[in-house]
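# Close look at the chain arrangement
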Amino acid sequence: MGFFDKIKKAFMNEKETPPAEIKTEEEVVESVQEEVIPEEQQTTTEILEQVQPDSLETIEEPEKAIEPEIDPLITSDSATQAEELADPEIIEEQKEELVIQEKYEKGLEKTRKTFGERLNELFANFRSVDEDFFEELEETLIGADVGFDTAIKITESLRQEVKLRNVKKPAAVQNTIIEKMVDLYEAEGIEENNALNIQTNGLTVMLFVGVNGVGKTTSIGKLAHEFKRDGKKVLLAAADTFRAGAIDQLVVWGERAGVEVVRGNAGGDPAAVVFDAVERAKVENADILLVDTAGRLQNKVNLMNELEKIKRVIQRELPDAPHEVLLVVDATTGQNAMSQAKQFKETTDVTGLVLTKLDGTAKGGIVLAIRNELHLPVKLVGLGEGIDDLEPFDANDFAIGLFKGLLKEE
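Quick caveat: nothing in here was measured; it's all calculated off a predicted structure. (Residues numbered from 1 in each chain as written. Predicted model: local features only at pLDDT ≥ 70, side-chain atom pairs only at ≥ 80, totals over all residues. Heavy atoms only, no water.)

Looking only at helices and strands, the protein chain features 16 helices and 8 strands. Expressed as a percentage of the 410 residues in the protein chain, the buried residues total 46%. In the protein chain, the share of contacts with a sequence separation of at least 24, taken over all contacts with a separation of at least 6, comes to 77%. Of the roughly 22,000 Å² that the protein chain leaves accessible, carbon and sulfur atoms contribute 47%. (Helix = DSSP H or I, 4+ residues; strand = E, 2+ residues; numbered from the N terminus. Buried < 20%, exposed > 50% of the residue type's maximum accessible area, 1.4 Å probe, protein only. Contact = heavy atoms within 4.5 Å. Areas by Shrake-Rupley, 256 points an atom, 1.4 Å probe, with all protein chains shown as cover.)

A few words on the nonpolar core. Core analysis: the largest hydrophobic core is formed by 106 residues, its most contacted members being L290, L355, F398 and F403. No other element matches helix α9 (residues 170-188), which puts 8 residues into this core. Leave out the neighbours within four places in its chain, and F398 touches Y104, L108, Y185, L358, G364, V367, L368 and F393. (Core = buried A, V, L, I, M, F, W, Y, C linked by side-chain atoms within 4.5 Å.)

The next subject is the side chain of R112. Within the secondary structure layout, R112 lies in helix α6 (residues 109-125). The buried charged residue R112 lacks any salt bridge partner; its closest oppositely charged side chain belongs to E109, at an N-O distance of 5.2 Å. (Lys, Arg positive; Asp, Glu negative; His and termini not counted. Salt bridge = Lys/Arg side-chain N within 4 Å of Asp/Glu carboxyl O.)

You can see G189 is positioned in the loop between α9 and β1 (204-209). C-alpha of G189 to C-alpha of N372: the two residues are 183 residues apart in sequence and 8.3 Å apart in space.

Turning to the pairing of β1, a few remarks are in order. With 6 of its 6 residues buried, β1 lies for the most part within the structure. Burial along β1 is two-sided: the face carrying T204, M206 and F208 and the face carrying V205, L207 and V209 are both buried. As paired strands, β1 and strand β4 (residues 288-292) are joined by 5 bridges and run parallel to one another. Its bridge partner lying in β4, M206 is registered against L290. One ladder, built from 4 bridges, connects β1 with strand β5 (residues 324-330); its direction is parallel. Considered in β5, the bridge of M206 is made with E324. (Pairing = 2+ DSSP bridges.)

Our focus in this paragraph is the pattern of salt bridges. Enumeration according to the criterion identifies 21 salt bridges in this entry. When the shortest N-O distance is used, the salt bridge between K103 and D389 registers 3.0 Å. Of the two residues, K103 is situated in helix α5 (residues 88-107) and D389 in the loop between β7 (378-382) and β8 (390-392); the sequence distance between them amounts to 286 residues. A relative accessible area of 18% means that K103 is categorised as buried.

It is worth spelling out the sheet that holds β1 at this point. Strand order in the open sheet made by the 8 strands is β3-β2-β4-β1-β5-β6-β7-β8, with mixed pairing throughout. Because the sheet does not close on itself, it has two edges, and the strands there are β3 (260-262) and β8. Between one strand and the next, the sheet's axes are offset by a mean angle of 25°, whatever the strand orientation. (Axes fitted to C-alpha atoms, helices over the stretch in contact; angles between N-to-C directions.)

For the rest of this paragraph, the subject is helix α11 (residues 244-257). With 14 residues, α11 extends 20 Å between its outermost C-alpha atoms, agreeing within 8% with the 20 Å of an ideal straight helix rising 1.5 Å per residue. Residues of α11 that are buried include every one of A246, I247, L250, V251, W253, G254 and A257, and no others. Buried residues of α11, viewed axially, fall in a sector of 165°; they line one side. Along α11, exposed side chains directed more than 90 degrees from the buried face belong to E255 and R256. Looking at the buried positions of α11, the neighbouring elements they touch are α10 (216-229), β2 (234-238), β3 and β4. (Expected span 1.5 Å × (residues − 1). Arc of directions from axis to C-beta.)

Positionally, V211 belongs in the loop between β1 and α10. Relative accessible area serves as the criterion here: at 14%, V211 is assigned to the buried category.

When two helices pack together, you describe them by how their axes are tilted relative to each other and by the distance separating the axes. Running from amino to carboxyl end, helix α8 (residues 148-165) crosses α9 at an angle of 130°, the nearest separation of the two axes being 9 Å. In terms of orientation, α8 and α9 fall into the oblique class. Between α8 and α9 lies a crossing whose hand is right-handed. Contact residues: α8 offers T150, K153, I154, S157, L158, E161 and R165, while α9 offers V173, T176, I177, E179, K180, M181, L184 and E188. Looking at side-chain class alone, the contact of α8 with α9 contains 6 nonpolar, 3 polar and 6 charged residues. (Parallel < 35°, antiparallel > 145°, perpendicular 65-115°, else oblique. Left-handed = near helix turned anticlockwise from the far one by under 90°. Nonpolar A, V, L, I, M, F, W, Y, C, P; charged D, E, K, R; others polar.)

It is worth spelling out the environment of I198 at this point. With respect to the helices and strands, I198 occurs in the loop between α9 and β1. For I198, a relative accessible area of 29% puts it in the partly exposed group. It is 8.7 Å that separates the C-alpha atoms of I198 and E324, two residues lying 126 residues apart in sequence. When neighbours within four sequence positions are excluded, I198 is seen to be in contact with T204, M206, F227 and I288.

Note that all results are geometric; they support no functional claim without further evidence.
Put into structure tokens, the structure is as follows:
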């Protein structure tokens, strides 16, 4: 099932039925048992209770209750089903999935609302789907931060679809626009890997890059908290030595997450801090090392040299590291985030993006532009200010959260 089919299904379910509640373990077992045992398979006690009173004298109590004949295949399958559905881990996973889906829907609320308003304004100004409509649609999509190239592709695809289907009603046209956006989004991400490259054996090293003020240090602290909660040994490296405030901020986040921070003096050599952090991580058998780096874009040559030096220091000890180079960008800056991503991509080997403040912006469409124009996978997204609100990026949850509220009844 494609993204658009899932979105449409979610939209229809929301219209027809209230959201289902997650059953407790006891409720799951009871419901399965009710389905499994047919009414005619009653216990001996129940049969005796149904016998007429005047015939009770002639009935002797059986020495052993007669067990009903139950198809062993049905019993086995149903028992397995009951066991699986009642598994506390499965129930907990379902709860967690619902919480994350709600976070995406809530976090993308501003984007949905703004984009919906733009579409309403577009349809209010046009009575027919003509060439002027398509030109205005391009402007609307560009204004929604989906990117210039993405806007052109969607509009051209819509032109062909409208002619092919002879779509005229505004609701049908809007749904077709959403469908084209979703199709393009899905097609561009077929080979995209949104998962973090965590090493199953040995130390995982992640470099975080990005300009000042995008939430880089905060993201590191939140991710450290997640790893620590999962039982991993985590260390942080304060390699942004050019700002004393950056070191202090990382220390504060280290205290919140309950992990230690390897740091040097302000103005010191960032590579030396990273070297100390790698050595300490090896001695202490750490699982994860998260490295904060400086974010100066005004001098790309120095930035590139500094990052290359840090990489060389790491690779002397761990030849296959760093395992991730994550670029942190602020979703609220829209196309500025795209510009930063392009520059950093030219400067260093970025493996993925961390998109912060997605819940506080109407520019969530930037994810489409990033996927379509930069071909960089989004690995993590910020969906709130809490320490637990940095989530792994899920393309399915994102698509449903962004587009479900924009579908219309035709």
